[in-house]
Amino acid sequence: MCNQTGIEFGKRNLVTGDVEGKRVVEVGSRDVNGTFRQLVAPLNPAEYVGVDIESGPGVDVICDATELLTIFGEESFDVVISTEMLEHVKDWRNVISNLKGILRPGGTMLITTRSKGFAYHAYPYDFWRFEREDMQAIFSDMKIEVLESDSPSEPGVFVVVKKPNGFAENKLAKVALYSIISGKRKRKIGFVSEGLFKARSSMAPLRYRLLASVRYRFGKLMGR
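Residues numbered from 1 in each chain as written. Predicted model: local features only at pLDDT ≥ 70, side-chain atom pairs only at ≥ 80, totals over all residues. Heavy atoms only, no water.

Engineer: I keep staring at the nonpolar core and nothing clicks. Help me out?
Structural biologist: By size, the foremost hydrophobic cluster in this structure holds 36 residues, and its most contacted members are Trp-92 and Phe-139. Taken together, the elements giving at least two residues each to this core come down to β1 (23-27), β2 (47-52), α4 (68-72), β4 (77-83), α5 (92-102), β5 (103-114), α6 (132-138) and β8 (156-162). Per-element accounting of this core gives the leading share, five residues, to α5. Other than its neighbours up to four places away in sequence, Phe-139 contacts Ile-96, Lys-100, Met-109, Ile-111, Ile-144, Val-159 and Val-161. Counting 17 residues, the second largest nonpolar core, distinct from the first, contains Val-19, Leu-43, Ile-81 and Phe-158. (Core = buried A, V, L, I, M, F, W, Y, C linked by side-chain atoms within 4.5 Å. Buried < 20%, exposed > 50% of the residue type's maximum accessible area, 1.4 Å probe, protein only. Helix = DSSP H or I, 4+ residues; strand = E, 2+ residues; numbered from the N terminus. Contact = heavy atoms within 4.5 Å.)

Engineer: What's the story with the confidence of the model for the chain in this structure? I'm lost.
Structural biologist: Do not read the predicted coordinates in detail wherever pLDDT is low. On average, residues of the chain score 87 in pLDDT, and 84% of them reach the 70 mark or higher. Put simply, helix α7 (residues 191-221) is where the chain has its lowest mean pLDDT, 50, and β8 is where it has its highest, 98. Below a pLDDT of 50 lies the segment residues 207-216, which in the model reaches one contact outside its immediate sequence neighbourhood of four places, other chains included. (pLDDT = per-residue confidence, 0-100.)

Engineer: Sorry, what's going on with the packing of aromatic side chains here?
Structural biologist: The description of an aromatic ring pair rests on the distance of the ring centres and on the angle between the ring planes. In total, this model carries four aromatic pairs according to the counting rule given. Relative to Phe-158, the ring of Phe-9 has its centre 5.1 Å away and its plane inclined at 45°; by these criteria the two rings are tilted. Of this pair, Phe-9 sits in helix α1 (residues 4-13) while Phe-158 sits in strand β8, and the two are 149 residues apart along the sequence. Take Phe-9: its relative accessible area is 0%, and that puts it in the buried class. (Phe/Tyr/Trp six-rings, centres within 6.5 Å; stacked < 30°, edge-to-face > 60°.)

Engineer: Where do I start with the sheet that holds strand β3 (residues 61-62) in this structure?
Structural biologist: Within a beta sheet, neighbouring strands are joined by backbone hydrogen bonds and run either parallel or antiparallel to one another. Read from one edge of the open sheet, seven strands run β3-β2-β1-β4-β5-β8-β7, paired in mixed fashion. On the outer flanks of this sheet lie β3 and β7 (143-149), each paired with one strand and no other. (Pairing = 2+ DSSP bridges.)

Here it is, written out as structure tokens:
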């Protein structure tokens, strides 16, 4: 899924030369409020594969992002797209490694994700926030072609990178991200914190249902 500014970013930065005749994968492709498939299909890719952890519109293969290399193999795609997915995965280092691994040398990767200040949004969980400097560190082993921030009203970061020939992956163990669980930068999420946070996340749908019920009853009482 992605927001409108993310879609516009894709329009500006994915061109026919990047895509035509190429094999494309979108990781986190379930169409909730938009997908890059509608942008890429007119650019004539040889194949477009939508991957997500659950079935739904835009999903061709059900696969956890930590298993991309196992499912698809090394250097299997020319273009890798991931929009609004990274903040939702606990093991972001493993997922980033998989995204880099399935991309062929010379290939293009486009990522959009959220930054500090963006509201909590569990789907089903919400762990991290990424800043421009985080992307610079994470993709210091690749060629960063475009790096932009989203609007102040929807803090986020957008990046386009190219995988070089002779790629040697950087280890990211020392990189700390802002954790929405703890409200500060962390290298990892502790077991207890994760358990408490998941419990909070599981209660969120109930809270929303109760709030909707109260609003409905109030509206009926007021004759609305």
